[in-house]
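Residues per chain, in single letters:
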Amino acid sequence: MSLQGGAASAMDVAEAYRLALAHEPTSLGANQALLAGREMAVQGDALLKPRVNLQAGVSRIHHSQGGELPPQIAGLLASSSSGTSSQVSVQLVQPLYNRAAHAGREQLREQSVLAQVRFDAARQDLALRVAKDYFGVLVAEEAVRVAEAELAAVRRQRDRAQARFDVGQGNITDVREAQARMDAVTTKQVAIQATLDLRREEFRETTGAAPAGLAPLAAKVQPRPPEPAALGPWHARGESRSTLVLAKQSEMEIARSEMGKHHLGSRPTLDLVASYGGKYQSGGLSPLVAPDGDRTGSIGLMLNVPLYAGGAINSRQREAAARLGQAEQELAAARREVRLKVQEGYLAVTTGVSRVAAQEQALVSARSALEATTRGRDVGTRTELDVLDAQQRLYSAELDLVQGRADYLLGRLRLSAAAGELDESSLRALGTWLAL
């Protein structure tokens, strides 16, 4: 039975998770999304910081004067001249009063928070997928082992029935029934092998590594109820820590900032504006045509008062209010969904404790039944078919126990994820359940 054995340097779930972090495209994409999200906070802070612009230009000018000029300027302006005119200026704008920019900064900061929450959610989702693929391979390998053992037992039964028939001690009915059972088990084995191949490929796609040397489930570790053992504290954890709830809370705050931004967009803004520039020319152009060496500096205040925007401001305010209402309802739905996920994970763990205990007892009973049936066959009170049936029940009990233990461990991880507590340490804790 595979859950009895161990393997040197076997891969555990935490190691598989670390491999997936460096390989799985969704995880790598989440890393880049987090980096992009962090820049949102930088952009938000920039809304209230000074802006400095450099402007420069150059022009080619050809001037020709056709009419008579007054004597007082005739000496200053040639009848024909050409040259190059250039100008350069630096302008600084510092917002002094801009409530809409403050709201925009808070919105961008919240978008950075949302990026972190989504990153944490992606990590938890990857951890669950890795664990699901890991235990999926273990269960499928156990199913193949059981199918092979069952096929070997049925083949022995068929050979014995054929041997008894050949010496005249059996009948053809036993031979045909044994052959039919062997054909059915062979067909089942093909399907089970295909399932194992699929599970191995799923593991390889997620982690980038072949599922060779996975640590099997240990045999003697007993399931434990969740801690705390009451459902209420788990609900409270989920509503305060779940990444789904935290994401919806961030989205609601973003919508609230959006509404504030449009509401404050109709208020006046005041900026400090300072500039310094110069104009230059070359080629003999008259100062009246293109100044040379003129420098200008200025500093002042710029007031902007929105008066009318065609109704767009009011429309955006109504849209933002509706978006905020939508976000509030989505948050309520997320909390309800989290409560259900917490309860689902909690029940999976609590019922898994009883289920595994019952399956362990069923396995003990199946072994006792097989021993009793075998002794009955030896003394002539039971038939070979009775022994075969007992063997098949034993194999089924072994597979059910492996499946039950895997489901229990996945239930623990789903409960931790619903409560927002699933991380790599949760996967390392599964090491006590594996034969490392």
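Values in this document were obtained by computation on a predicted structure and should not be read as measured data.

## A word on the packing of aromatic side chains
The full count for this structure, using the stated rule, is 3 aromatic pairs. Both rings, one in Tyr134 and one in Phe135, keep their centres 5.6 Å apart while their planes meet at 80°; by these two values the pair is edge-to-face. Residues Tyr134 and Phe135 agree in their burial class; the two are buried. Both rings, one in Tyr408 and one in Trp433, keep their centres 5.1 Å apart while their planes meet at 45°; by these two values the pair is tilted. On the criterion of sequence distance, the pair formed by Tyr408 in helix α9 (residues 384-418) and Trp433 in the segment after α10 (424-428) is long-range, its members being 25 residues apart. Each member of the pair, Tyr408 together with Trp433, is buried. Pairwise contacts between aromatic rings join Tyr134, Phe135 and Phe203 into one cluster.

## Considerations on the pairing of strand β4 (residues 294-304)
Within β4, only 0 of the 11 residues are buried, which leaves the element largely exposed. Here strand β3 (residues 269-282) pairs with β4 via 11 bridges, running antiparallel. Counted as the bridge partner of Gly277 is Thr296 from β4.

## Comments concerning helix α4 (residues 99-166)
With 68 residues, α4 extends 99 Å from end C-alpha to end C-alpha; this agrees with the ideal 100 Å at 1.5 Å per step. With a side-chain oxygen lying 3.3 Å from the backbone nitrogen of Ala100, the N-terminal cap of α4 falls on Asn98. After α4 finishes, the residue Gly168 shows a positive phi value of roughly 85°.

About the thresholds
Residues numbered from 1 in each chain as written. Predicted model: local features only at pLDDT ≥ 70, side-chain atom pairs only at ≥ 80, totals over all residues. Heavy atoms only, no water. Phe/Tyr/Trp six-rings, centres within 6.5 Å; stacked < 30°, edge-to-face > 60°. Buried < 20%, exposed > 50% of the residue type's maximum accessible area, 1.4 Å probe, protein only. Helix = DSSP H or I, 4+ residues; strand = E, 2+ residues; numbered from the N terminus. Pairing = 2+ DSSP bridges. Expected span 1.5 Å × (residues − 1). Polar contact = N/O pair within 3.5 Å; in protein donor to acceptor, adjacent residues only side chain to side chain.

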